[in-house]
Amino acid sequence: MQWGLTVLRPYAARPVRALLRAGARFPPIAFDVLLAAAVLLGSAGLTSEVYQGPPGPLILHAALSLPLVWRRRAPMTVFCTVAAAAFAQWLADVRLLTDVALLVALYTVAARSSRRRTLVAWAVLELGIVLASARWAAPDGGFLRSVVFLSAVAAAVAATGTNTRTRRAYLASLEDRAVRLERERDQRARLAAADERARIAREMHDIVTHNLSVMVALADGAVFAQHRSPDRATAAMRQISGTGRQALTDMRRSLGVLRADEPDALRHPVPGIAQLDALVGRMRAAGLPVRLRVSGDPAPVPAAAQLTAYRLVQEALTNTLKHAPPGTRAEVRVHCSPAAVALDVTDDGRAGHAPGPPLSSPPFPGPSFSGPSSGHGIPGMRERVAAYGGSLDAGPLPGGGWRVSATLALGPGPVSIPTEGGAA
């Protein structure tokens, strides 16, 4: 028998679940109409004496049950109407089963109105219970039993309605919280997408600007040297080819995170402090003498911080290459520590790079650039440094030249660039 009940339990629960799903999709007004009809028919519709006698009881039945159709729209008004019909019934000394409508109206007030109105409705119903028990209860102790029983029923109905209202308010608060969390999630996703676009834009700006600057400088020098020094022109063209390939590699690496099937981001390491030698070599080949000094151990520095330091040096040297006058020399100093990475890029050219004339590319004579900077380099550097809570200082030097100094905070503790460092 136990096995049979276990097997049949899921099948027996299916009609109940189907009924609950149908009730959830049922229109509320239709449910209230059916409820009012059930109260009316259950108390008066099956009693033939109601239709054969005077119309007074039938009118009372209708007055007690029909207002339940509007119980959701005006709970307190419907309760007062039903209570008034019940009081008229008491005055007429007519006992009707339709008084159950008072419990339905009380439940609706408790479920859809305030606690104060619920207490008022419950007090009115308690008064009606006392009056009805005093008139219709049995004389031998029936009054007390009737009052206790009916009061307990009324209190249970009011408590059930109050719990329903509390649960509905709780579910509404959960729904509102879910909506707000979804909105905040979408907002965070939009902000993250904007940050990612800004990061990619900075990467593309640094890659394209630096490599194109070097390639243009080498191309101009190769054009002027092709007749007088073919070997040097050939070397410059090879350097252009290598710089172009490096630019493509950097772009694939930066954009590879956007594609799951892009293998270049895994094959090529992210540039860091160790790659500053190659960067300085490209700048020297483009005609800008650069001296590099690296002190401290860069191994503990995170890869993202090393990439930021690399991009800062790259942008500073690119600006020097584009805007400094001929014969300018640059110096890069980098100091690494567990607390921070400090870097300093200076040159001895004329102060104020942006309005300066274009730079020729020694040892190849001839112009390399025209026009001032687009003005996105230093703001981009400030954004990179701000991501690490550091500081950036960029401006002309008192004796001529330009200086870019930045500090990337990695942990507690001060950091400074030593005056003497090992040459890389």
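This one's a predicted model, so the numbers in the text were calculated from it and none came from an experiment.

## Quick look at the sheet that holds strand E3 (residues 340-347)
- If you trace the five strands from one edge of the open sheet to the other, you get E1-E2-E3-E7-E6, paired in mixed fashion. Because the sheet does not close on itself, it has two edges, and the strands there are strand E1 (290-295) and strand E6 (391-396). Going across the sheet, the axis of each strand differs from the next one's by a mean of 5°, ignoring polarity.
- Direction of pairing for E1 relative to strand E2 (residues 330-336): parallel, over a ladder of six bridges. Within E2, the residue paired with Arg293 across the bridge is Arg333.
- Taken strand by strand, helix H11 (residues 276-285) contacts E1 and E2, and its axis lies near 170° from that of E1.
- Lying over the sheet, helix H12 (residues 303-323) contacts E1, E2, E3 and strand E7 (402-409), oriented at roughly 10° with respect to E3.

## Re the pairing of E2
- Along E2, five of the seven residues are buried, which leaves the element largely enclosed by surrounding structure.
- Traced from E1 through H12 to E2, the parallel crossover comes out left-handed.
- Relative to E3, E2 runs antiparallel, the two sharing seven bridges. Residue pairing across strands places Ala330 opposite Asp347, the latter belonging to E3.
- Counted along the chain from E2 to the antiparallel partner E3, the turn is three residues long.

## Thoughts on the pattern of salt bridges
- Across all of its chains, the model carries nine salt bridges by this definition.
- The partner of Asp32 in a salt bridge is Arg72, with the nearest N and O atoms 2.9 Å apart. Linking Asp32 in helix H2 (residues 28-45) with Arg72 in the loop between helix H4 (55-65) and helix H5 (75-91), this pair joins segments that are 40 residues apart in sequence.
- The exposure class of Arg72 is partly exposed, given its relative accessible area of 29%.
- The residue Arg180 makes a salt bridge to Asp176 at a minimum N-O spacing of 3.1 Å. Note that Arg180 and Asp176 are positioned in helix H8 (residues 142-225) at a spacing of four residues, about one turn of the helix.
- A residue is classified by how much of its surface remains accessible, and Arg180, at 37% relative accessible area, is partly exposed.
- A relative accessible area of 42% places Asp176 in the partly exposed class.

## Considering the packing of H5 against helix H6 (residues 100-112)
- In the contact formed by H5 and H6, the axes pass within 9 Å of each other and the chain directions differ by 160°. Classed by the angle they form, the pair H5 and H6 counts as roughly antiparallel. Here H5 runs over H6; the crossing is left-handed. Along its contact with H5, which presents Pro75, Met76, Phe79, Val82, Ala83 and Ala86, the element H6 presents Ala101, Leu102, Ala105, Leu106, Thr108, Val109 and Arg112.
- Of the residues contributing to the contact of H5 with H6, the split by class is 11 nonpolar, one polar and one charged.

## Concerning the environment of Ile378
- One can find Ile378 in helix H13 (residues 377-386).
- Overall, the relative accessible area of 25% leaves Ile378 in the partly exposed class.
- C-alpha of Ile378 to C-alpha of Val404: the two residues are 26 residues apart in sequence and 9.3 Å apart in space.
- Beyond its immediate sequence surroundings of up to four residues, Ile378 is in contact with Leu392, Ala394 and Trp402.

## Some remarks on the packing of aromatic side chains
- All told, the structure shown has one aromatic pair when counted by the stated rule.
- Lying over the aromatic face of Trp90, Arg135 brings its terminal NZ or CZ to 4.2 Å of the ring centre.

## A word on unusual backbone geometry
- Located in the positive-phi region is Asp93, a residue other than glycine, with phi close to 60°.
- With respect to the helices, strands and loops of the structure, Asp93 is situated in the loop between H5 and H6.

## Overview of the confidence of the model for the protein
- Counting all residues, the mean pLDDT for the protein is 77, and 75% of those residues have values of 70 or more.
- Confidence scores differ between elements of the protein, with strand E4 (residues 360-361) showing the lowest mean pLDDT of 36 and E2 the highest of 93.
- Every residue in residues 1-13 is under pLDDT 50, and counting partners more than four places away or in other chains gives one contact.
- Taken as a whole, residues 420-424 scores under 50 in pLDDT and shows 11 contacts with residues more than four places along the chain or in a different chain.

## Observations regarding helix H7 (residues 115-136)
- The terminal C-alpha atoms of H7, which comprises 22 residues, lie 31 Å apart, in line with the 32 Å expected from a rise of 1.5 Å per residue.
- Three or more residues of H7 are buried, namely Thr118, Ala121, Leu125, Glu126, Ile129, Ser133 and Trp136. The buried residues of H7 all sit within an arc of 145° when viewed along its axis, so they share a single face. Along H7, the residues that are exposed and aim more than 90 degrees away from the buried face are Arg116, Leu119, Leu127 and Ala134.

## Quick word on the environment of Val100
- Note on placement: Val100 falls in helix H6.
- When its relative accessible area of 39% is taken as the criterion, Val100 is described as partly exposed.
- Along the chain, Val100 and Leu64 lie 36 residues apart, while their C-alpha atoms are 8.7 Å from each other.

## Some details on the packing of H11 against H12
- Remark: H11 packs on H12, axes separated minimally by 11 Å, with the N-to-C direction vectors making an angle of 10°. In this view, H11 runs roughly parallel relative to H12, as classed from their interaxial angle. On H12, the residues touching Leu276, Leu279, Arg282 and Met283 of H11 are Tyr310, Val313, Gln314, Leu317, Thr318 and Leu321.
- Considered class by class, the residues forming the contact of H11 with H12 number seven nonpolar, two polar and one charged.

Cut-offs and rules
Residues numbered from 1 in each chain as written. Predicted model: local features only at pLDDT ≥ 70, side-chain atom pairs only at ≥ 80, totals over all residues. Heavy atoms only, no water. Pairing = 2+ DSSP bridges. Helix = DSSP H or I, 4+ residues; strand = E, 2+ residues; numbered from the N terminus. Axes fitted to C-alpha atoms, helices over the stretch in contact; angles between N-to-C directions. Contact = heavy atoms within 4.5 Å. Buried < 20%, exposed > 50% of the residue type's maximum accessible area, 1.4 Å probe, protein only. Right-handed = clockwise from strand over helix to strand, strands pointing away. Salt bridge = Lys/Arg side-chain N within 4 Å of Asp/Glu carboxyl O. Parallel < 35°, antiparallel > 145°, perpendicular 65-115°, else oblique. Left-handed = near helix turned anticlockwise from the far one by under 90°. Nonpolar A, V, L, I, M, F, W, Y, C, P; charged D, E, K, R; others polar. Phe/Tyr/Trp six-rings, centres within 6.5 Å; stacked < 30°, edge-to-face > 60°. Lys NZ or Arg CZ within 6 Å of the ring centre and 35° of its normal. pLDDT = per-residue confidence, 0-100. Expected span 1.5 Å × (residues − 1). Arc of directions from axis to C-beta.

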